[in-house]
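# Topology and contacts: notes
Spelled out, the chains give:
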Amino acid sequence: MAKINLKFFENQDRFDITVPGKKIKIGHLHPLTITKRKCEEIFQSMGFSIIEGPDIETEWYNFDALNIPKDHPARDLWDTLWLKDKGAKLLLRTHTSPVQVRYMEKNNPPLRIIVPGNIYRHEATDASHEFQPFQIEGLMVDKKISVANLKAIVREFFRRFFEKDVKFRLKPDYFPFVEPGFDVGISCVICKGKGCLVCKKSGWLEVAGAGMVHPNVFKNSKLIPRDWQGWAFGFGLERLTMLKYKINDIRLFRSGDMRFLQQF
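On to the sheet that holds strand β4 (residues 90-92), then. Strand order in the open sheet formed by 3 strands is β2-β4-β3, with antiparallel pairing between adjacent strands. The open sheet has two edge strands, β2 (56-58) and β3 (82-83), and neither has a second partner. Here β3 pairs with β4 via 2 bridges, running antiparallel. Counted as the bridge partner of Leu-83 is Leu-90 from β4.

Shown next, in the form of structure tokens:
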């Protein structure tokens, strides 16, 4: 049997198994992820399915199929990030609405879906605007769907999301892919409706565009318009998060500032 060299072991660093181990630092969820998961949980409980779509879109799905005319400002270089290609015109999607058309092409009503995802805009940032915001699209289609259904779903969503009844309004607006169209506004919880930097002194903050699905969108999705009714909305996830946690600058979410992120 080989002799054990005791001096070798005496010179080694000793390991004391009784010393408590060091706690490993682990990360935590980003506030936008927390909000996204909360929204998905609420809508799933109301029967909505979660659907995803491509970030890179064709001109057809992003504009043409959604009834957006050729001369619409959104197609301008200043609003849209076009990609260089040799074939079809491609772009970074400017909204999540193209997924409406993609889904209706392959699925028959009744439909209830939400579509969470990033969108991309060629614009400067400020306290309430980002160039890569996160949006949650909603779509509901059936034989008899009205604005009353939209209001009921939005009210229930706000009640569960903010864990209290909140004041909101539908303000008439124009969006080519819906008729009629609305801005969904919520009373600013940061200044309690008095007016601040985030709500631009108005007391209200727009959190979504919404409306009844335009007949041309049904037609472009291969559905017969006279047979179906539906509504759609697009919520800004950052704005919902700002209202829930009383954050006054949207740019903080992507700043990488640990002093901000460690508060969640």
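A few words on the packing of aromatic side chains. By the definition in use, this model includes 18 aromatic pairs. Arranged with centres 6.1 Å apart and planes meeting at 20 degrees, the rings of Phe-175 and Phe-177 form a pair that is stacked. For the pair formed by Phe-175 and Phe-177, the shared burial category is buried. Feature note: the residues Phe-43, Phe-48, Phe-157, Phe-158, Phe-161, Phe-162, Phe-168, Trp-231, Phe-233 and Phe-235 constitute an aromatic cluster, connected by ring pairs. Of note, Arg-102 hangs over the ring of Tyr-61, and the distance from its end group to the ring centre comes to 4.0 Å. The side chain of Lys-244 reaches across the aromatic face of Phe-161, ending 5.0 Å from its centre.

We now examine the packing of helix α5 (residues 147-162) against helix α7 (residues 237-245). Across the interface, α5 lies against α7 with an axial gap of 11 Å and an inter-helix angle of 50 degrees. Classed by the angle they form, the pair α5 and α7 counts as oblique. Regarding α5 and α7, the two cross each other, and that crossing is right-handed. Packed against α5, whose contacting residues are Phe-157, Phe-158, Phe-161 and Phe-162, the element α7 presents Leu-240, Leu-243 and Lys-244 at the interface. Grouping the amino acids of the contact of α5 with α7 by side-chain chemistry returns 6 nonpolar, no polar and 1 charged.

Conventions we followed
Residues numbered from 1 in each chain as written. Predicted model: local features only at pLDDT ≥ 70, side-chain atom pairs only at ≥ 80, totals over all residues. Heavy atoms only, no water. Pairing = 2+ DSSP bridges. Helix = DSSP H or I, 4+ residues; strand = E, 2+ residues; numbered from the N terminus. Phe/Tyr/Trp six-rings, centres within 6.5 Å; stacked < 30°, edge-to-face > 60°. Buried < 20%, exposed > 50% of the residue type's maximum accessible area, 1.4 Å probe, protein only. Lys NZ or Arg CZ within 6 Å of the ring centre and 35° of its normal. Axes fitted to C-alpha atoms, helices over the stretch in contact; angles between N-to-C directions. Parallel < 35°, antiparallel > 145°, perpendicular 65-115°, else oblique. Left-handed = near helix turned anticlockwise from the far one by under 90°. Contact = heavy atoms within 4.5 Å. Nonpolar A, V, L, I, M, F, W, Y, C, P; charged D, E, K, R; others polar.

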